[in-house]
Amino acid sequence: FDLAFVLLFDRSLNNLNVFEPHYAFWYIFALFIWRLLIKSTSKIKFLVSFSIILGLAVGVFDNINLFLSASRIICFLPFFAFGYKFTESDYNRIKSKKYLFVLGILGSLITIILNIKNIIPFFMYTFIDSYNYFSVSFSKGFLFRGIIYMVAFMFIIAFIVIIPNKKTFLSTIGERTITIYLFSSFFIQAFFALCPEPFWSSLNEFLQILISLTLTAVIVLLTGNKYVFKIYNKTIDFISSIFLHKA
C-alpha cells in the first residue's frame, strides 16, 4: 500500500520510507503487529487496563514516535485488546443497559468543550508524539491522554447500545470499514491532485459540503463493496500466514 501510494502520488521512490508508513497505512502495520502478538499478550491479566497504562506511559519517551509507528501501535492497543477480549455476553450485558447511550452525549459535550477551550492540543489525539513535544508536563500529559481514552470508550459503549441487532445496509458497510479507510486514501489524494487548493477555496461553503458528501458516498460504495473486501482479506490472510507460520 505504501509503495503504491508513493509511486502514484510522489512518483519517486526517494520518499518511500518503510520505517514511517505514509498517510493511513500505519494502521495495516499496526494490525499485523497486534495479530502477531495477541496470542501471547492475551494471557496477561487485565490486558485492556495494562495496555492503557502502557499507552499513558509511552508518552514520556521522546524517541517513540512515527518510527515504525511505534507510538500509535502502543497507544491504540487498548482498543484492539478490548475488541479481542469482548465477548457476546459482554455485548448483551451492555446492550441491555439502554441508559448507557447518554455516555455518547456526555462524550460529545466533553469533546466540544475540550476543543472550544483548546484544553488538549489537537494533535495529541493522533497518539504520535510525546508529552514533551506539546510542551506539557508528564502529569498533564497523563491526564490529557487519560481523558482521550475515557471519552473514546464512552463513545464505544454508547455505540454498542444504539446499534440495531438486525443487520442493515449500514452494518454491512460497517464490517468493511478497513477497506474504506485504507483505499479512501488514494481517492482523497487523487481528488486534491485534480482539485488544487486555490480552486477548492474559491468554491462557496455549500458547494464544498455538497461535493464532500457526494465524494464520501462514492468512496464508501466503491471501497466498501464485498469484492474489494474479499480481495483485501485474502491478501492480508496470505501475508499474515507466512509470517505467523514462521513465528
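All values reported here derive from a predicted model rather than from experimental measurement.

What counts, and at which threshold
Residues numbered from 1 in each chain as written. Predicted model: local features only at pLDDT ≥ 70, side-chain atom pairs only at ≥ 80, totals over all residues. Heavy atoms only, no water. Helix = DSSP H or I, 4+ residues; strand = E, 2+ residues; numbered from the N terminus. Buried < 20%, exposed > 50% of the residue type's maximum accessible area, 1.4 Å probe, protein only. Contact = heavy atoms within 4.5 Å. Areas by Shrake-Rupley, 256 points an atom, 1.4 Å probe, with all protein chains shown as cover. Expected span 1.5 Å × (residues − 1). Bend = angle between axes of the 7 residues up to and from the residue. 1 Å grid on protein atoms, 1.4 Å probe; cavity = no way out; pocket = protein on both sides within 12 Å on 5 of 7 lines; lining within 4 Å. Points joined across faces, edges and corners; volume = space filled by probe spheres on them. Nonpolar A, V, L, I, M, F, W, Y, C, P; charged D, E, K, R; others polar. Salt bridge = Lys/Arg side-chain N within 4 Å of Asp/Glu carboxyl O. Phe/Tyr/Trp six-rings, centres within 6.5 Å; stacked < 30°, edge-to-face > 60°. Axes fitted to C-alpha atoms, helices over the stretch in contact; angles between N-to-C directions. Parallel < 35°, antiparallel > 145°, perpendicular 65-115°, else oblique. Left-handed = near helix turned anticlockwise from the far one by under 90°. Arc of directions from axis to C-beta.

Colleague: Mind showing me how you'd approach the overall build of the chain here?
Modeller: Of the regular secondary structure elements, the chain holds 13 helices and zero strands. Considering the chain as a whole, with its 247 residues, one finds that 32% of them fall into the buried category. At a minimum sequence separation of 6, the contacts of the chain that also span at least 24 residues come to 73%. Counting only carbon and sulfur atoms, one obtains 71% of the accessible surface of the chain, whose full area is about 15,700 Å².

Colleague: Looking at this structure, how should I read helix α2 (residues 26-41)?
Modeller: For the α-helix, the turn length of 3.6 residues means that residues three or four positions removed from each other point alike. An ideal rise of 1.5 Å per residue puts 22 Å on 16 residues; α2 measures up with 21 Å between its terminal C-alpha atoms. The sharpest bend along α2 reaches about 30 degrees and sits at R35. When α2 is considered as a whole, its buried residues turn out to be W26, I28, A30, L31, I33, W34 and I38.

Colleague: How should I be thinking about the layout of surface pockets in this particular structure?
Modeller: The probe, sized like a water molecule, is rolled over the atoms to show the empty space still left. In this structure, the largest pocket spans a volume of roughly 1,100 Å³. Together, 24 residues line the largest pocket, and Y27, F79, F159, G174 and T177 are the ones closest to its centre. Every element with two or more residues in the lining of the largest pocket is listed here: α2, α5 (77-85), α8 (138-162), α9 (169-174) and α10 (177-194). Taken together, the residues of the lining of the largest pocket break down into 18 nonpolar, five polar and one charged.

Colleague: Help me understand the pattern of salt bridges, please; the structure alone is not making it clear to me.
Modeller: Proximity of charged atoms lets side chains of opposite charge pair with each other. Summed over all chains, the structure comprises three salt bridges. In this structure, R93 and D90 form a salt bridge, with 2.8 Å as the shortest nitrogen-oxygen distance. Of this pair, R93 and D90 both sit in helix α6 (residues 88-95), separated by three residues, roughly a single helical turn. For R93, a relative accessible area of 46% gives the class partly exposed.

Colleague: What's the story with the packing of aromatic side chains in this structure? I'm lost.
Modeller: A ring pair, where both rings are aromatic, is described by two values, the distance of the centres and the angle of the planes. Applying the stated criterion across every chain yields a total of 18 aromatic pairs. When the ring of W26 is compared with that of Y27, the centres are 5.6 Å apart and the planes differ by 75 degrees; the resulting orientation is edge-to-face. Joined through ring pairs, the aromatic side chains of W26, Y27, W34, F76, F79, F80, F82, F86, F127, Y149, F153 and Y181 make up one cluster.

Colleague: Would you mind showing me how to read unusual backbone geometry here?
Modeller: Negative phi characterises most residues that are not glycine, and trans characterises most peptide bonds. In this structure, S69 is a non-glycine residue whose phi angle is positive, near 55 degrees. Mapped onto the fold, S69 is located in the loop between α3 (47-57) and α4 (70-75). Even without being a glycine, F127 presents a positive backbone phi close to 60 degrees. Mapped onto the secondary structure, F127 falls in the loop between α7 (102-116) and α8.

Colleague: Would you explain the packing of α6 against α8 in this entry?
Modeller: Geometry of a packed helix pair, given as the angle between the helix axes and the separation of the axes. The interhelical angle for the contact between α6 and α8, taken along N-to-C directions, is 80 degrees, at an axis separation of 8 Å. Considering their axes alone, α6 and α8 lie roughly perpendicular with respect to each other. For the pair α6 and α8, contact is made by Y91, I94 and K95 and by I157, I160, V161 and I162, respectively. Partitioning the contact of α6 with α8 into residue classes produces six nonpolar, no polar and one charged.

Colleague: When you look at the packing of α5 against α8 in this model, what are you seeing that I'm missing?
Modeller: α8 packs onto α5 with a crossing angle of 30 degrees between their chain directions and a minimal axis gap of 11 Å. Of the two possible hands of crossing, α5 and α8 adopt the one that is right-handed. Residues P78, F79 and F82 of α5 form the contact with α8, whose participating residues are Y149, A152, F153 and I156. For the contact of α5 with α8, the class distribution of residues is seven nonpolar, no polar and no charged.

Colleague: Explanation requested: the environment of V228 in the structure shown.
Modeller: Its location among the elements puts V228 in helix α13 (residues 226-246). The spacing of V228 and T179 is 49 residues in sequence and 7.2 Å in space, taken between C-alpha atoms. Sequence-distant contacts of V228, defined by excluding residues within four places in its chain, comprise T179, F183, L222 and T223.

Colleague: Is there a simple way to explain α6 in this structure?
Modeller: All of the buried residues along α6 are D90, Y91, I94 and K95. All buried residues of α6 fall inside an arc of 125 degrees around its axis, so they share one side. Here the buried face of α6 lies against α5 and α8.

Colleague: Looking at this structure, I do not really get the side chain of S51. What am I missing?
Modeller: Relative to the helices and strands, S51 is located in helix α3. If sequence neighbours within four positions are ignored, S51 has contacts with I74, L77, P78 and A81.

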